[in-house]
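Summary of the model geometry
Single-letter residue listing:
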Amino acid sequence: MVRTLGVAVVGFGWMGRVHTQAYARVSHHFPHLALRPELVAVADEVPGRAAEAAARYGFATATRDWREIAADPRVEAVSIAAPNFLHREIGVAMAEAGKHIWIEKPVGLTADDARAVADAVARAGVRGTVGFNYRGAPAVVAARELIASGAVGDVTHARIRLLSDYAADPEGALTWRYERERGGSGVLGDLASHGVDLARFLLGEIEALTADSAVFLPLRARPAGATSGHARASGGEPAAVENEDYVNCLLRFASGARGVLEACRVSVGEQNNYGFAVHGTRGAVFWDFRRMGELGVSRGTTYQDQPVSTVYVGPEAGDYGAFQPGAANGMGYDDLKVVEAHTFLRSVADNTPYGATLVDAVRSATALDAMARSAASGAWVTLDAE
């Protein structure tokens with residue numbers, strides 16, 4: 001029997017919209033899901049934005065104050081897509097109000113923030129899913145299974161990249177993303193958090209790391225009014241960018257494997273160049289987000305001059321079959337958020353954690369904090385086991 005679950009969205013920029021559209025689609029792709037989301041309420045502090053969202057998507061209630069959602073008995077689950085500095089306050093409050101939460105990464109500005117939300121979720125006995133969407137790509141799931149099966153041998157080293165140009169325009173507005181107090185650690189939180197999650201998802205726990213970071217565009221113009229996404233602010237008063245444009249990091253995994261993680265938000269010529277290369281003693285596996293349904297796979301016993309084959313994943317890989325009937329039919333970013341919505345709702349329905357949880361958020365944030373300390377000191381940092 002299908003039960004209706006009252007859901008709300010807090011923060012209605014691009015990510016709030018993506019969450020909302022995922023709720024609208026999830027029952028079509030996963031018809032056997034025991035819960036059907038009902039759009040009850042939307043909150044955004046920008047005047048008019050929540051009302052516009054309600055009119056467009058059918059939320060029953062629109063408000064500028066997220067606290068009204070915490071107090072609303074119709075709301076059982078909440079998507080938290082507000083700016084990073086609000087994640088801890090909103091996440092803890094929603095959990096304490098008995099709401100299940102689907103929260104975007106990074107969960108707050110620090111590992112302490114993520115841990116506070118994780119603790120609140122655990123105390124309240126609610127479910128918490130975190131927006132590490134790239135681990136849900138069917139090809140990434142297939143790569144993980146390939147690595148775990150030993151098909152490429154013992155993993156020796158890996159490279160993980162997240163290069164983008166969303167902040168490359170020097171006239172990009174100085175929004176909250178570029179302020180330490182509200183945005184936290186810049187590209188570490190925006191992109192490297194995904195890289196850490198992919199590294200852990202594919203290869204297990206990170207034992208130690210050393211990092212270097214840089215700010216390449218040190219000044220941006222303050223916007224005159226509310227902004228959304230990565231707006232321009234030509235002619236505004238210039239102010240300092242307070243957090244990182246770029247980070248690179250050497251990783252040591254508990255397995256003994258080594259890794260390199262690189263992330264940049266100002267890479268001119270790079271549009272969402274996200275992916276990984278994992279090398280083992282008998283082969284390798286490669287993935288590029290921009291060719292999301294493909295894997296490059298090298299395996300066998302040739303070793304030297306061993307070829308790489310392109311594998312198009314199909315319905316047997318992850319949740320691919322919920323979207324397409326055969327291999328090489330394309331999926332997109334929004335589909336990954338539908339996969340995430342399914343994971344979240346299934347966790348609520350079964351009262352069992354699935355997918356990326358607050359534990360994963362804490363471990364990712366712990367690695368990000370370690371990167372920041374290492375970049376400041378130049379030293380290797382050992383990660384404490386959580």
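Our structure's up above, just so we're on the same page.
Here's a quick rundown of the structure. (Residues numbered from 1 in each chain as written. Predicted model: local features only at pLDDT ≥ 70, side-chain atom pairs only at ≥ 80, totals over all residues. Heavy atoms only, no water.)

**Observations regarding the overall build of the protein**
Assigned secondary structure in the protein consists of ten helices and 17 strands. In terms of C-alpha radius of gyration, the protein reaches 21 Å, essentially the compact-globule figure of 21 Å for 386 residues. Each of the three principal axes of the protein carries a C-alpha extent, and together these read 60 × 55 × 40 Å. In the protein, which comprises 386 residues, the proportion classed as buried is 56%. Restricting to contacts in the protein with at least 6 residues of sequence separation, those with at least 24 account for 70%. (Helix = DSSP H or I, 4+ residues; strand = E, 2+ residues; numbered from the N terminus. Rg over C-alpha atoms; globule rule 2.2 N^0.38 Å. Buried < 20%, exposed > 50% of the residue type's maximum accessible area, 1.4 Å probe, protein only. Contact = heavy atoms within 4.5 Å.)

**Thoughts on the packing of helix α8 (residues 187-203) against helix α10 (residues 358-377)**
Taken N-terminus to C-terminus, the directions of α8 and α10 make an angle of 120°; their axes are 9 Å apart at the nearest point. Relative to α10, the element α8 lies oblique. As α8 packs across α10, the resulting crossing turns out to be right-handed. Residues Leu188, Gly189, Ala192, Ser193, Val196, Asp197 and Arg200 of α8 pack against Asp360, Arg363, Ser364, Ala367, Leu368, Met371 and Ala372 of α10. In terms of residue class, the contact of α8 with α10 is made up of seven nonpolar, three polar and four charged. (Axes fitted to C-alpha atoms, helices over the stretch in contact; angles between N-to-C directions. Parallel < 35°, antiparallel > 145°, perpendicular 65-115°, else oblique. Left-handed = near helix turned anticlockwise from the far one by under 90°. Nonpolar A, V, L, I, M, F, W, Y, C, P; charged D, E, K, R; others polar.)

**Points about the nonpolar core**
Buried together is how nonpolar side chains tend to be arranged in soluble globular proteins. Ranked by size, the top nonpolar core spans 81 residues in total, and within it Leu202, Trp287, Leu295 and Met371 carry the most contacts. When residues of this core are assigned to their parent elements, the largest contribution, ten residues, is made by α8. Aside from chain neighbours lying at most four places away, what touches leucine 295 is Ala139, Ala142, Ala143, Val285, Phe286, Trp287, Ser309, Thr310, Val311 and Val313. (Core = buried A, V, L, I, M, F, W, Y, C linked by side-chain atoms within 4.5 Å.)

**Some details on helix α9 (residues 333-350)**
Compared with an ideal rise of 1.5 Å per residue, which puts 18 residues at 26 Å, α9 spans 26 Å between its outermost C-alpha atoms and is within 8% of the ideal. With 14 of 18 residues buried, α9 lies mostly within the body of the structure. The first or second residue beyond α9 is asparagine 351, which carries a positive phi of 55°. (Expected span 1.5 Å × (residues − 1).)

**Things to note about the environment of leucine 191**
The topology assignment puts leucine 191 in helix α8. Excluding anything up to four places from it in sequence, leucine 191 contacts Leu162, Ser164, Tyr166, Ala263, Cys264 and Tyr274.

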